[in-house]
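# Tertiary structure, described
Chain by chain, the residues run as shown.
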Amino acid sequence: MIEFKNLSYSIDSTAILKDIDFRIADNEFVAIIGPNGAGKSTLIKLLLALLEPSSGEILIDAIPNHKWLKMNSIGYLPQKEIYDRHFPATALDIVLMGLAASLPLGKRFRQAHRNIAEAALEQCGVLKHRNSLIGTLSGGEFQRVLLARAIVSGSHYLILDEPEAGIDQKGVEGFFTILKDLHVAGKTIITISHDLHTLSKYCSFLVCLNVTLHCHSKTELLNSEVIHKTFGDTIQLVDKHY
Amino acid sequence: MIYSFVIFALSGAILSGICLALFSPFVTLRKISYMGEALSHIAFAGIALAILSGLNLQITTTIFVVFISLMIGILSRKFKLEEANTITIFLSVSMALGITLISIKRSYVFDLSSYLFGNVLFISKGDLISLSILMFLNAGFIWLFFKELFYLTYNQEIARVYRIKTDLANYLFLILLAVNIVINLKITGIILVTAQLILPATIAFRINKRLIPAIIISILTAVLSAAGGFYLSWIFNVPTGAAIVLFEFVLYLLSLLLFKS
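Since we're looking at a predicted model, the values are computed, not measured.

Scoring rules and cut-offs
- Residues numbered from 1 in each chain as written.
- Chains lettered and ligands numbered in written order.
- Predicted model: local features only at pLDDT ≥ 70, side-chain atom pairs only at ≥ 80, totals over all residues.
- Heavy atoms only, no water.
- Helix = DSSP H or I, 4+ residues; strand = E, 2+ residues; numbered from the N terminus.
- Buried < 20%, exposed > 50% of the residue type's maximum accessible area, 1.4 Å probe, protein only.
- Contact = heavy atoms within 4.5 Å.
- Areas by Shrake-Rupley, 256 points an atom, 1.4 Å probe, with all protein chains shown as cover.
- Buried area = accessible area lost by both parts, 1.4 Å probe.
- Salt bridge = Lys/Arg side-chain N within 4 Å of Asp/Glu carboxyl O.
- Polar contact = N/O pair within 3.5 Å; in protein donor to acceptor, adjacent residues only side chain to side chain.
- Axes fitted to C-alpha atoms, helices over the stretch in contact; angles between N-to-C directions.
- Parallel < 35°, antiparallel > 145°, perpendicular 65-115°, else oblique.
- Left-handed = near helix turned anticlockwise from the far one by under 90°.
- Nonpolar A, V, L, I, M, F, W, Y, C, P; charged D, E, K, R; others polar.
- Pairing = 2+ DSSP bridges.
- Expected span 1.5 Å × (residues − 1).

## Quick word on the overall build of chain A
Check the secondary structure of chain A and you find eight helices and ten strands. In chain A, which comprises 242 residues, the share counted as buried stands at 54%. The contacts in chain A between residues at least 6 apart in sequence include a share of 67% that link residues at least 24 apart. As displayed, chain A offers around 11,000 Å² of accessible surface, 51% of which is attributable to carbon and sulfur atoms.

Structural data, given as structure tokens:
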């Protein structure tokens, strides 16, 4: 279980997040939604202890997050992974990153590790690219490689920051289908997304964020009034049929 | 006997090339190739400090440069500063400090040529021993921390999320880089140190896109350049450091022409 307890984060005197207080039960498929600048990515970075909260705390399995993260791996797929397209890593190297912490200093990856990584690449539909340099992969293929890395970490939790960025609609559906399978297999998934239509089909729990918390509920309870409250009047809900 | 200094000089140039070529792929991939030049300039303040205090030149300079390079790493991380900016600030301040300290010691005449090009012909047996130890230290560090260095170079923040020991690897990397620069600075000078940190890996990555082959090609490039440059300097009676850099530049041009990006 993940608990956000009266969490606030400010830069200088500007509040990025204010009094965030909610909990995520195990085996939920959580979507965090909100307009640009709502503090969604900041919330994820605070959860991953990449940022320090101004006040409040985050507990993972009842342990402060920074302590929990020292002892456990967490699967993370960032919004935009910063990397050099000429970096000499293959897709397999990137997935093996999720297993690196389990190896002591000086130890190399063995065939058993490569088998685990390849199974994850297959699950994400990109096994054929295992020996491709990352600079040769498309945006969608690279996102799937990053998902495979998050999977091999073996974490109960998968944290994804706009995983659909740079993927076409067909690719998004495929991506969320993989996430749904992982959810069914027992993973707790937390994803930031703008794609409300896709989220409504796959997610079990919604968190509406715009500096403060506007709702945290089962997805079926969400109505257009809450959406408008979160996004302001800039959003119009339209039924889409694919 | 007359040729022993030649053998010493050639061995020194080759060992120095191997030491720096081992680090070259990581320095190039992390886009901190200016670090070689920056730390060489920072060493200037360390040299001045040693001259003024009368302490051992090599030890004082090494401690000073290691301290400053660690400060660069710690300050950049703690205050979320751009590493390049922090390095440039310390570079300017160290040069200013060096010049101030040298000017206090009015009796000292600074040998700029030796600072720029080193003097491989004065390489001693002790220098060869320290270069050999350094080469094994570098190789051992890369062997032991290979996966940590690989992922640290790829993306330090993500590596940290995946609990890879990047902090330890990074600090040891900075310390060893500083030690390499100080020891090589005395022998080969600032220009060759800078060149041997950039050119071998740039050439290697033109030839092969994977890291381990690139490290091997880097070493071969550095050895070939040291031997080739040394031969040319002997034939044409020009400074050895400069001849090695020019020879290596020709290899770089060839790699541009012969291998696709």
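Next comes the rest of the account.
## Some points on the interface of chain B and chain A
Contacts between the two partners involve 25 residues from chain B and, on the opposite side, 41 residues from chain A. Summing the contributions of chain B and of chain A, the shared interface buries around 2,800 Å²; its carbon and sulfur component is 62%. Its largest share of buried area at the contact with chain A, chain B owes to Tyr154(B), Tyr162(B) and Arg163(B), together 31% of the area lost on that side. In this structure, the connection of chain B to chain A is made through two salt bridges. Viewed at the interface, chain A and chain B are joined by 14 residue pairs in polar contact (both at pLDDT 80 or more).

## Observations concerning the packing of helix α4 (residues 111-123) of chain A against helix α5 (residues 139-152) of chain A
All names here are of chain A. Two numbers describe how α4 lies on α5: the axes approach to 8 Å, and their chain directions differ by 130°. In this view, α4 runs oblique relative to α5, as classed from their interaxial angle. For the pair α4 and α5, the crossing hand works out as right-handed. Together, Ile 116, Ala 117, Ala 120, Leu 121 and Gln 123 of α4 and Val 145, Ala 148, Ile 151 and Val 152 of α5 make up the contact between the two elements. Tallied by class, residues from the contact of α4 with α5 come to eight nonpolar, one polar and no charged.

## Some remarks on the sheet that holds strand β5 (residues 63-64) of chain A
Each strand in a sheet pairs with its neighbour through backbone hydrogen bonds, running either in the same direction (parallel) or in the opposite one (antiparallel). All names here are of chain A. In spatial order, the strands read β2-β1-β4-β5; together these four strands make up an open sheet with antiparallel pairing. Edge positions in the sheet fall to β2 (14-24) and β5, since each of these pairs with one other strand and no more. Pairing of strand β4 (residues 55-60) with β5 involves two bridges; the strand directions are antiparallel. Bridge pairing links Ile 60 to Ile 63 in β5.

## Some thoughts on helix α3 (residues 57-78) of chain B
Residue and element names in this part refer to chain B. With 22 residues, α3 should reach 32 Å at 1.5 Å per residue; the first-to-last C-alpha distance of 31 Å fits that figure. Within α3, the full set of buried residues consists of Thr 60, Thr 61, Thr 62, Phe 64, Val 65, Val 66, Ile 68, Ser 69, Ile 72, Gly 73 and Ser 76. For α3, the secondary structure elements touched by its buried residues are α2 (34-53), α4 (83-104) and α9 (166-207). A side-chain oxygen of the first residue of α3 lies 3.0 Å from the backbone nitrogen of Gln 58; this N-cap is Asn 56. Lys 80 occupies a position one or two residues after α3 and carries a positive phi of about 50°.

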